[in-house]
Amino acid sequence: MKRLVVLFILLAMPAIAVLPDERLADPALEARARALSQELRCLVCQNQSIDDSNADLAHDLRVLVRERLGAGDSDAQVLAYLTSRYGDYVLLRPPVKPTTWLLWFGPPLLLVAGGLAILLAWRRRRADTPTRSVPLSADEQARLARLLKEGG
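Let me begin by describing the structure that accompanies this report. The model shown is predicted, which means the values in this text are computed figures rather than measured ones.

A few points about the overall build of the protein
Inference 1: Across its full length, the protein holds six helices and zero strands.
Inference 2: Listed N to C, the secondary structure of the protein is α-α-α-α-α-α in terms of helices and strands.
Inference 3: Looking at the protein as a whole, 23% of its 152 residues are labelled buried.
Inference 4: Long-range contacts, defined as pairs at least 24 residues apart, comprise 46% of the intrachain contacts of the protein with a sequence gap of at least 6.
Inference 5: Just so you have it, the protein exposes about 11700 Å², and 62% of that area is on carbon and sulfur atoms.

Listed below in C-alpha cells is the structure:
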C-alpha cells in the first residue's frame, strides 16, 4: 500500500524537463537559468514554462538561455533578447502596456459586465413582479359593496 501511495505522489509531481546535458557547471548560473526558464512560456505548449516542457522548441530555448548566460548576459538582457525575437507571448507574465491591455484588463471587465448584467436582470425581474396587495380601508370596502349591489 505504501508503494502505491509513493507512486501516486511521484506521478502527481510536475515533470522537470531539464535534461542533465543541458545543465551548466556553475551552480549560480544554473540557478539563474532555471529561474529564467520558469518565466518563459513554451511556444508549442499552452501555459507551460520551458522548464517544464519536453517539446523540442522548449529544449532549444533552454539551451539558448544557458548560452546567453554563459556569454555574460544579465537576466534582463536574456529576457529582452527572447522578447525581441518571439514577442511578449514568450513571457508567462507579459508586461502591462497598450498591446496587452486586453489580456490584463479584459477578464476583470468581463466579470464586472457580467455582474452588472445580472444586477440589471434582477432589478427588471423585481420591477415586473406584482406588488403585494394592500388591504382595503373601511371606506373602500363600503364603496365596493355599494358598487356590487348596484351592478348586480
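From this point on, the discussion continues.
With respect to a nonpolar patch on the surface
Inference 1: Taken together, the side chains of Val96, Trp101, Leu103, Trp104, Phe105 and Leu109 define a hydrophobic patch exposed on the protein surface, amounting to about 640 Å² of accessible area.
Inference 2: On the secondary structure map, Trp101 appears in helix 5 (residues 101-128).
Inference 3: A relative accessible area of 46% places Trp101 in the partly exposed class.

Overview of the packing of aromatic side chains
The geometry of an aromatic ring pair is captured by two quantities: the separation of the ring centres and the angle between the planes.
Inference 1: Summed over the entire model, instances satisfying the criterion amount to zero aromatic pairs.
Inference 2: A cation over a ring is seen here: Arg41 above Tyr89, with NZ or CZ 4.6 Å from the ring centre.
Inference 3: Here Arg68 stacks its cationic end above the ring of Tyr81, 4.0 Å away from the centre of that ring.

Points about helix 2 (residues 27-39)
Inference 1: Along its 13 residues, helix 2 runs 19 Å from first to last C-alpha, staying within 8% of the 18 Å computed at 1.5 Å per residue.
Inference 2: Of the surrounding elements, those touching the buried residues of helix 2 are helix 3 (56-70) and helix 4 (75-86).

What counts, and at which threshold
- Residues numbered from 1 in each chain as written.
- Predicted model: local features only at pLDDT ≥ 70, side-chain atom pairs only at ≥ 80, totals over all residues.
- Heavy atoms only, no water.
- Helix = DSSP H or I, 4+ residues; strand = E, 2+ residues; numbered from the N terminus.
- Buried < 20%, exposed > 50% of the residue type's maximum accessible area, 1.4 Å probe, protein only.
- Contact = heavy atoms within 4.5 Å.
- Areas by Shrake-Rupley, 256 points an atom, 1.4 Å probe, with all protein chains shown as cover.
- Patch = residues over 30% accessible without salt bridge, like charges linked within 9 Å, V, L, I, M, F, W, Y side chains within 5 Å.
- Salt bridge = Lys/Arg side-chain N within 4 Å of Asp/Glu carboxyl O.
- Phe/Tyr/Trp six-rings, centres within 6.5 Å; stacked < 30°, edge-to-face > 60°.
- Lys NZ or Arg CZ within 6 Å of the ring centre and 35° of its normal.
- Expected span 1.5 Å × (residues − 1).

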